[in-house]
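Chain by chain, the residues run as shown.
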Amino acid sequence: MSGAPAGRRPASAEAGGATSVRAAGSDRPNLLLVPPRARTGWRVLPARVVAMCAVELQKLRHDRTELYTRAVQPALWLLIFGETFTRIKAIPTGGIPYIDFLAPGIIAQSAMFIAIFYGIMIIWERDAGILTKLLVTPTPRAALISGKAFASGVKALIQAVVVIVIAAALGVGLTWNPLRLLGVAVAVILGSAFFSCLSMTIAGIVLTRDRLMGIGQAITMPLFFASNALYPVAIMPGWLQVVSKINPLSYQVDALRGLLLGTPSHLPLDFGVLLVAAVLGIAAASSQLGRLAR
């Protein structure tokens, strides 16, 4: 009496987190895939921020109209305001043409105008029920806000490229040093992150799109004119100089001007202020997220 052949014992392959089992009567292994291990510890927040940022940028992929329409305003500032004041030489700019002086300010202005109305989007997500679904996921609130803030920064960066191309076509003497351009990108993203978080914080307070639109329109121009985007701080009245020193837009413009034109600037202070402002903005907007979702 012949004994039945002993069945083969399943062999496990731990490499790659998968288990390999050979089917009866077959030499081909069947792979039973095991889900990847969940990220833990410090890796959770960066992964969720990147994921949320990618989700936000997908919206831009499906509708690029915003980029085209928002390119009109900075072009008009450079073509009309910049060219006119360059000819009349009414504003002292330290020996550089006024349009050169103006170009970094317009980059910062266009980035701020994109970011300052970012809260409208989060109110729309609340009304559509999307925000509630996001909040029941294990994603930290700070990651949700950070993803939206840095997506706003990427949109502003695209806008900055448009302004730089227009400025170069007008003969503005910009630098093309890769390291300096990288610094420009960081300054644009940090500034936009702060202003988008400011918008989302206001959205958590006012709770409606109409109120946010009114407040956004009320603060954008004062922030712009109370900075060094259009004129040097030295020619401002004393009270406006004080306002300019607490305005994050002034530090963003100073960094952009120093990087793009090589003018005297305070880059360590500028980037330090922008980084602290972005972190505080994320914290403030995250604290309002629960109230916004009610």
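Residues numbered from 1 in each chain as written. Predicted model: local features only at pLDDT ≥ 70, side-chain atom pairs only at ≥ 80, totals over all residues. Heavy atoms only, no water.

(A) Representation of the pattern of salt bridges. A full pass over the atoms with the stated rule returns 3 salt bridges. Of the charged contacts in the structure, one is a salt bridge between Asp-127 and Arg-126, with a shortest N-O distance of 2.7 Å. Overall, the relative accessible area of 45% leaves Asp-127 in the partly exposed class. Classification of Arg-126 as buried rests on a relative accessible area of 18%. The shortest N-O distance in the salt bridge between Arg-209 and Asp-127 comes to 3.1 Å. Residue Arg-209 is found in helix α9 (residues 209-225), and its partner Asp-127 is found in helix α5 (residues 118-128); the two are separated by 82 residues along the sequence. On the basis of relative accessible area, Arg-209 is assigned to the partly exposed category, the value being 35%. Several salt bridges converge on common partners, so that one network encompasses Arg-126, Asp-127 and Arg-209. (Salt bridge = Lys/Arg side-chain N within 4 Å of Asp/Glu carboxyl O. Buried < 20%, exposed > 50% of the residue type's maximum accessible area, 1.4 Å probe, protein only. Helix = DSSP H or I, 4+ residues; strand = E, 2+ residues; numbered from the N terminus.)

(B) Here's a closer look at the packing of aromatic side chains. By the definition in use, this model includes 8 aromatic pairs. Residues Phe-81 and Phe-85 carry aromatic rings whose centres are separated by 4.4 Å and whose planes lie at 25 degrees to one another, so their mutual orientation is stacked. With Phe-81 and Phe-85 both in helix α3 (residues 72-88) and 4 residues apart, this pair spans about one turn of that helix. Take Phe-81: its relative accessible area is 24%, and that puts it in the partly exposed class. Taking the centre distance of 5.4 Å and the plane angle of 50 degrees together, the rings of Phe-224 and Phe-225 count as tilted. Exposure remark for Phe-225: the relative accessible area of 36% places this residue in the partly exposed category. Counting every residue linked through ring pairs, the aromatic cluster contains Trp-77, Phe-81, Phe-85, Tyr-98, Phe-101, Phe-224 and Phe-225. (Phe/Tyr/Trp six-rings, centres within 6.5 Å; stacked < 30°, edge-to-face > 60°.)

(C) View of the side chain of Arg-257. Within the secondary structure layout, Arg-257 lies in helix α11 (residues 248-261). Although buried, Arg-257 forms no salt bridge, and the nearest oppositely charged side chain, Asp-254, lies 6.0 Å from it. (Lys, Arg positive; Asp, Glu negative; His and termini not counted.)

(D) Geometry of the packing of helix α8 (residues 178-206) against α11. It is the contact of α8 with α11, at a shortest axis distance of 9 Å, that shows an interaxial angle of 170 degrees. Between α8 and α11, the angle falls in the class roughly antiparallel. Of the residues in α11, those in contact with Arg-180, Leu-181, Gly-183, Val-184, Ala-187, Val-188, Gly-191, Ser-192, Phe-194 and Phe-195 of α8 are Pro-248, Leu-249, Gln-252, Ala-255, Leu-256, Gly-258, Leu-259 and Leu-260. Across the contact of α8 with α11, the residue classes break down as 12 nonpolar, 5 polar and 1 charged. (Axes fitted to C-alpha atoms, helices over the stretch in contact; angles between N-to-C directions. Parallel < 35°, antiparallel > 145°, perpendicular 65-115°, else oblique. Contact = heavy atoms within 4.5 Å. Nonpolar A, V, L, I, M, F, W, Y, C, P; charged D, E, K, R; others polar.)

(E) Fine view of helix α12 (residues 267-293). With 27 residues, α12 extends 38 Å from end C-alpha to end C-alpha; this agrees with the ideal 39 Å at 1.5 Å per step. Along α12, the sharpest kink reaches roughly 25 degrees, centred on Ser-287. Taken residue by residue, α12 has Asp-270, Leu-274, Ala-277, Ala-278, Gly-281, Ile-282, Ala-285, Ser-286, Gln-288, Leu-289, Gly-290 and Leu-292 as its buried positions. Buried residues in α12 make contact with α5, α6 (130-135), α7 (141-169), α8 and α11. (Expected span 1.5 Å × (residues − 1). Bend = angle between axes of the 7 residues up to and from the residue.)

(F) A look at α5. Where α5 is concerned, the buried positions are Tyr-118, Gly-119, Ile-120, Ile-122, Ile-123, Glu-125 and Arg-126. Phi turns positive, to about 85 degrees, at Gly-129, one or two residues after α5.

(G) Highlighting empty space enclosed by the protein. Taken as a whole, this structure holds 1 cavity of 30 Å³ or more when the rule is applied. Taken together, Arg-70, Gln-73, Pro-74, Ser-110, Phe-113, Ile-114 and Gln-159 make up the full set of residues lining the largest cavity. Put simply, the parts of the chain that give the lining of the largest cavity at least two residues each are α3 and α4 (98-115). With 3 residues, α4 is the largest single contributor of residues to the lining of the largest cavity. (1 Å grid on protein atoms, 1.4 Å probe; cavity = no way out; pocket = protein on both sides within 12 Å on 5 of 7 lines; lining within 4 Å. Points joined across faces, edges and corners; volume = space filled by probe spheres on them.)

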